Amino acid sequence: MPGNSFEMSYKIAQIRLVSSHPEVYEPCDDSFALVDALLSDRNNLLELKPMLCMEVGCGSGYVITSLMLMLGEEANGAQFIATDINHHAIKVTQETMEAHGVYAELINTDIASGLENRLAGSVDLLVVNPPYVPTPEDEVGREGIASAWAGGENGRSVIDKILPVAEKLLSKRGWLYMVTLTANNPSQICRQMMKKGYASKIVVQRSTVEESLHIIKFWKDNDIEADTNDVITNSKAVPLGIVDSVQNRLAGSVDLLVVNPPYVPTPEDEVGREGIASAWAGGENGRSVIDKILPVAEKLLSKRGWLYMVTLTANNPSQICRQMMKKGYASKIVVQRSTVEESLHIIKFWKDNDIEADTNDVITNSKAVPLGIVDSVRSQIQRLSFWGSCDINTTTN
Ligand SMILES: C[S@@+](CC[C@H](N)C(=O)[O-])C[C@H]1O[C@@H](n2cnc3c(N)ncnc32)[C@H](O)[C@@H]1O
């Protein structure tokens, strides 16, 4: 109810900074964005009825206190735990909670060290605003306030330690909310977690002058695991005919493939009909033709080949990306454009050897697409006279 959420925002805004310490992180844009993400998901959280809630890196206690107030009496019986590596933070959090009449078990430890056995598989809600700022590696984990932000290379050092711990602690129905920065490569974090069976979405994205914050929510999704053995579940047989004869000739040699397929959801019997309807009729979820094209694209693309494909939200582009990922393709949305009728995503796919390697060795950073590919595409594009003097923007990843 709108009335409720207003009251709730008001209550959270009322969290007072009753205690502070020069070496404890004061609530900032990232803390506010994390609480806003939790608040925007409050109804779902209430439905989840988390029995064990935990914060790693509680700092001043702003987030864990907000969470307890936000869930309120509806979380009766739930247990709250917060950790911080900085003992001053534990003291400040204690005082913040006392001033607001809430209680959590506070533990001064590195992430969840010493708690793994006790908490394994039982945390229903985990919230983390980690030290994510890219810094020299030797600044990570130092005594004092620097440990609140120093994140090492790409700001990933502490995040990459927290993620496997999170997997251990989360219950089967558990949710993780984590603050990340663009520099942390949030999409690579999502892919990494996906390989562990977690779906993800960005709940809040907020840009300040200094940084662009993403609050990502992760949850266990059994479909992701099921998909692993049955990758292209929607695809139907590629019809014999033109495609087959061309496939053999071009197999593994197409460096640039562009497709604007018939993607409009229609009754299945409208797909492939004679006439103009075949330009748009995409069958169920608009995926019938797309799902025939993708395996063909994989066969045709060279090792360094790129595929650009138009999709609609209704086609479930993130599922297409996951599907392609299992075939070793990285992806990104190059253009996203919404009209009154539809929201279009132009996705770029490219072979990423790291994705295959990652299967056994999850925590590695994906590397940039080699410059050679960019150059080769430029040269191919220049050969196409109709590009004329267009200004083409290519990026390396
Ligand atoms: C960016 S601050 C966030 C503080 C608070 N959660 C907030 O949002 O305002 C990061 C916190 O993580 C703590 N921290 C850093 N490394 C940690 C680790 N290895 N284990 C536990 N806490 C850690 C820091 O001391 C700091 O309090």
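Let us look at the structure shown here. On a predicted model such as this, the values are computed, not experimentally measured, just so you know.

1. Brief notes about the packing of helix α4 (residues 62–71) against helix α5 (residues 87–99)
Part 1: One way to put it is that α4 packs onto α5 with a least axis distance of 9 Å and a crossing angle of 25°. Looking at the two axes, α4 sits roughly parallel to α5. Where α4 crosses over α5, the two elements pack in a sense that is right-handed. Seen from α4, the contacting residues are Ile64, Thr65 and Met68; seen from α5, they are Thr93, Thr96 and Met97.

2. Quick word on the pairing of strand β11 (residues 343–351)
The two faces of the sheet receive side chains in turn, since in a regular strand these alternate between them.
Part 1: Of all nine residues making up β11, seven are buried, and the element is well covered by its neighbours.
Part 2: One ladder, built from seven bridges, connects strand β9 (residues 301–312) with β11; its direction is antiparallel. When the bridges of β11 are listed, Met309 appears paired with Ile347.
Part 3: Of the pairings in the sheet, the one linking strand β10 (residues 329–338) to β11 comprises nine bridges and is antiparallel in character. Its bridge partner being in β11, Ser331 is matched across the sheet by Phe349.

3. Quick look at the nonpolar core
Part 1: Counting 67 residues, the largest nonpolar core has Met54, Phe80, Leu126 and Leu176 as its most contacted members.
Part 2: The dominant element in this core, judged by the number of residues it contributes, is α4, at eight residues.
Part 3: Counting 24 residues, the second-largest nonpolar core is a separate cluster that includes Val259, Ile290, Met309 and Tyr329.

4. Topic: the pattern of salt bridges
Part 1: Applying the stated rule across the entire model yields nine salt bridges.
Part 2: The shortest N-O distance in the salt bridge between Asp41 and Lys217 comes to 2.8 Å. Here the residue Asp41 occupies a position in the loop between α2 (29–40) and α3 (42–48), and Lys217 occupies one in strand β7 (residues 212–220), the gap between them amounting to 176 residues. In this structure, Asp41 and Lys217 share a single accessibility class: buried.

5. Some remarks on the packing of aromatic side chains
Part 1: All chains considered together, the criterion is met by two aromatic pairs.
Part 2: Judged by centre distance (5.4 Å) and plane angle (80°), the ring pair of Phe32 and Tyr62 falls under edge-to-face. Here Phe32, found in helix α2, pairs with Tyr62, found in helix α4; they are 30 residues apart in sequence, far enough to count as distant.
Part 3: Aromatic side chains Trp306 and Tyr308 sit 6.4 Å apart centroid to centroid with 65° between the ring planes, which places their arrangement in the edge-to-face category.
Part 4: Exposure remark for Tyr308: the relative accessible area of 22% places this residue in the partly exposed category.

6. As for the sheet that holds strand β6 (residues 198–207)
Part 1: One open sheet accounts for seven strands, arranged β3-β2-β1-β4-β5-β7-β6; its pairing is mixed. Two strands in the sheet have a free side with no partner beyond their single neighbour: β3 (105–108) and β6. For this sheet the average axis-to-axis angle between neighbouring strands, irrespective of direction, equals 15°.
Part 2: Two strands pair when backbone bridges link them, and strand β1 (residues 52–56) and strand β4 (residues 123–128) are joined in this way by four bridges, in the parallel orientation. Residue Val56 lies in a different strand from β4, and its bridge partner there is Val128.
Part 3: Against the sheet, α4 makes contact with β1, β2 (79–84) and β4, and its axis sits at roughly 170° relative to β2, the strand it touches most.
Part 4: Helix α7 (residues 157–169) contacts β1, β4, β5 (170–181) and β6 of the sheet and is inclined by roughly 165° relative to β5.

7. Topic: the pairing of β7
Part 1: Across the nine residues of β7, seven count as buried, placing the element largely inside the fold.
Part 2: Inspection of the sheet shows β5 paired to β7 by seven bridges, in the antiparallel sense. By the bridge assignment, Thr180 is partnered in β7 with His214.
Part 3: In terms of strand pairing, β6 meets β7 through nine bridges, oriented antiparallel. Note on β7: the bridge partner recorded for Arg206 is Leu213.
Part 4: Between β6 and β7, which pair antiparallel one after the other, the connecting turn spans four residues.

8. Quick word on the side chain of Ser343
Part 1: You can see Ser343 is positioned in strand β11.
Part 2: A relative accessible area of 18% places Ser343 in the buried class.

9. Thoughts on the site of the ligand
Part 1: Contacts to the ligand come from 18 residues, most closely from Glu55, Gly57, Asp84, Asp110 and Ile111.
Part 2: Ile85 places a main-chain nitrogen or oxygen 3.2 Å from a nitrogen atom of the ligand.
Part 3: In this structure, a nitrogen atom belonging to the ligand sits 2.7 Å away from a main-chain N or O atom of Ile111.
Part 4: Protein coverage of the free-state accessible area of the ligand, which is 590 Å², stands at 96%.
Part 5: The class makeup of the residues in the shell around the ligand is eight nonpolar, seven polar and three charged.

Each value, and the rule that gives it
- Within each chain, residue numbers correspond to sequence positions counted from 1 in written order.
- Note on the predicted model: pLDDT of at least 70 is required for a residue's local features to be given, and 80 or more for side-chain atom pairs to be given and counted; whole-chain, interface and lining totals, by contrast, use all residues.
- Excluded from the side-chain calculation are hydrogens and water; included are all heavy atoms of the structure.
- A fitted line through C-alpha atoms serves as each axis, taken over the contacting stretch for helices, and the angle formed by two N-to-C directions is quoted from 0 to 180°.
- Only DSSP runs of H or I reaching four residues or more are called helices, and only runs of E reaching two or more are called strands; each is numbered from the N terminus.
- Orientation categories follow fixed angle ranges, with anything under 35 degrees roughly parallel, anything over 145 roughly antiparallel, 65 to 115 roughly perpendicular, and all other angles oblique.
- Left-handed describes a crossing whose near helix is turned anticlockwise from the far helix through less than a right angle; right-handed describes the clockwise counterpart.
- The contact definition used throughout considers only heavy atoms, calling two residues in contact when any of these lie within 4.5 Å.
- Here's how the labels work: a residue is buried when its accessible area is under 20% of the maximum for its type, exposed when over 50%, partly exposed in between, all with a 1.4 Å probe on protein chains only.
- Paired strands, in this sense, are two strands between which DSSP finds at least two bridges.
- To qualify as a nonpolar core, a set must consist of buried Ala, Val, Leu, Ile, Met, Phe, Trp, Tyr and Cys residues joined through side-chain atoms within 4.5 Å.
- In the sections that follow, a salt bridge refers to a side-chain nitrogen of Lys or Arg positioned within 4 Å of a carboxyl oxygen of Asp or Glu.
- Here a pair means two rings of Phe, Tyr or Trp (six-membered ring of Trp) with centres within 6.5 Å. Their orientation is stacked below 30 degrees between planes, edge-to-face above 60, and tilted elsewhere.
- Working definition: residue near molecule or strand if any one of its non-hydrogen atoms lies within 4 Å of it.
- Under the rule applied, a polar contact is a pair of N or O atoms within 3.5 Å (in protein, one hydrogen donor and one hydrogen acceptor; residues adjacent in sequence only if both atoms are side-chain atoms).
- All accessible areas in this document rest on Shrake-Rupley with a 1.4 Å probe, and a residue is counted as covered only by the protein chains that are shown.
- In this classification, the charged set is Asp, Glu, Lys and Arg, the nonpolar set is Ala, Val, Leu, Ile, Met, Phe, Trp, Tyr, Cys and Pro, and all remaining amino acids, among them Gly, are polar.

Without other data, these values stay purely geometric and don't point to any function.
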